[in-house]
Amino acid sequence: MNVKPLADRVLVEPLEAAEKTSGGLYIPDNAKEKPQKGKVIAAGPGKASDSGTIVKMEVKVGDTILYGKYSGTEVTVDSKEYLIMRESDILAII
């Protein structure tokens, strides 16, 4: 894959939603919630500040992150689904 996000954007591979509840019940596909956890596949260099210097990204490739339910833009690369989002859309690093 040859995708390089620009500025403060990251390419995220969403992790699969749980298929079974903690009580052991299986969740049907139409009832599953959109995943809010993912793995950073690629990250841009960072955002330019007002003075022109680059502010480095806090996330790096390989980090597992939490993001908002409807964050990012869905893209397909090599027949695989990814999200591209700004670093500010990321809520936490796990």
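Conventions we followed
- Residues numbered from 1 in each chain as written.
- Predicted model: local features only at pLDDT ≥ 70, side-chain atom pairs only at ≥ 80, totals over all residues.
- Heavy atoms only, no water.
- Helix = DSSP H or I, 4+ residues; strand = E, 2+ residues; numbered from the N terminus.
- Pairing = 2+ DSSP bridges.
- Salt bridge = Lys/Arg side-chain N within 4 Å of Asp/Glu carboxyl O.
- Buried < 20%, exposed > 50% of the residue type's maximum accessible area, 1.4 Å probe, protein only.
- Core = buried A, V, L, I, M, F, W, Y, C linked by side-chain atoms within 4.5 Å.
- Contact = heavy atoms within 4.5 Å.
- Polar contact = N/O pair within 3.5 Å; in protein donor to acceptor, adjacent residues only side chain to side chain.
- Axes fitted to C-alpha atoms, helices over the stretch in contact; angles between N-to-C directions.

**Q** In this structure, what is going on with unusual backbone geometry? I would like to understand it.
**A** Negative phi characterises most residues that are not glycine, and trans characterises most peptide bonds. With a phi angle near 50°, Ala 7 is a residue other than glycine that sits in the positive phi range. You can see Ala 7 is positioned in the segment before strand S1 (9–14). A positive phi angle is found at Asp 78, which is not glycine, with a value near 55°. By the element assignment, Asp 78 lies in the loop between strand S6 (73–77) and strand S7 (80–86).

**Q** Please explain the pairing of S1 as it appears in this structure.
**A** One face of the sheet, then the other: side chains in a regular strand alternate in exactly this way. Judged from the four bridges that link them, S1 and S7 form a sheet pairing that is antiparallel. Within the sheet, the bridge partner assigned to Arg 9 lies in S7 and is Arg 86. Sheet topology places S1 next to strand S2 (residues 37–43); five bridges connect them, and they run antiparallel. Across the sheet, residue Glu 13 finds its bridge partner in S2, namely Lys 39.

**Q** Help me understand the pattern of salt bridges, please; the structure alone is not making it clear to me.
**A** Pairing of side chains with opposite charge becomes possible as their charged atoms draw close. Counted under the stated rule, the structure contains three salt bridges. The residue Lys 80 makes a salt bridge to Glu 13 at a minimum N-O spacing of 3.0 Å. With Lys 80 in strand S7 and Glu 13 in strand S1, this residue pair connects regions lying 67 residues apart in the sequence. For Glu 13, a relative accessible area of 21% translates into the label partly exposed.

**Q** Help me understand the nonpolar core in this model?
**A** The nonpolar side chains of a soluble globular protein tend to be buried with one another. Counting 10 residues, the largest nonpolar core is built from Val 10, Val 12, Val 40, Met 57, Val 59, Ile 65, Tyr 67, Leu 83, Met 85 and Ile 90. Listed by contribution, the elements that provide at least two residues to this core are S1, strand S5 (64–67) and S7. Met 57 has contacts with Ala 7, Asp 8, Arg 9, Val 10, Ala 43, Gly 44, Pro 45, Gly 46 and Glu 87, leaving out every residue within four places of it along the chain.

**Q** Quick question: what am I supposed to make of the environment of Glu 13 here?
**A** For Glu 13 and Gly 38, which are 25 residues apart along the polypeptide, the C-alpha to C-alpha distance reads 5.4 Å. Apart from residues no more than four positions distant in its own chain, Glu 13 is found in contact with Gly 38, Lys 39, Ile 41, Lys 80 and Tyr 82. Reaching out from Glu 13, the side chain makes a polar contact with the side chain of Lys 80 at a distance of 3.0 Å.

**Q** For this particular structure, what's the right way to read the sheet that holds S5?
**A** On the basis of which strands lie adjacent, the open sheet formed by six strands has the order S6-S7-S1-S2-S5-S8 and antiparallel pairing. The open sheet has two free edges, formed respectively by S6 and strand S8 (90–93), since each of these has just one partner strand. Shown here is a sheet whose adjacent strand axes are inclined to one another by a mean of 45°, direction ignored. Pairing of S6 with S7 involves five bridges; the strand directions are antiparallel. By the bridge assignment for S7, Glu 74 is matched with Leu 83.

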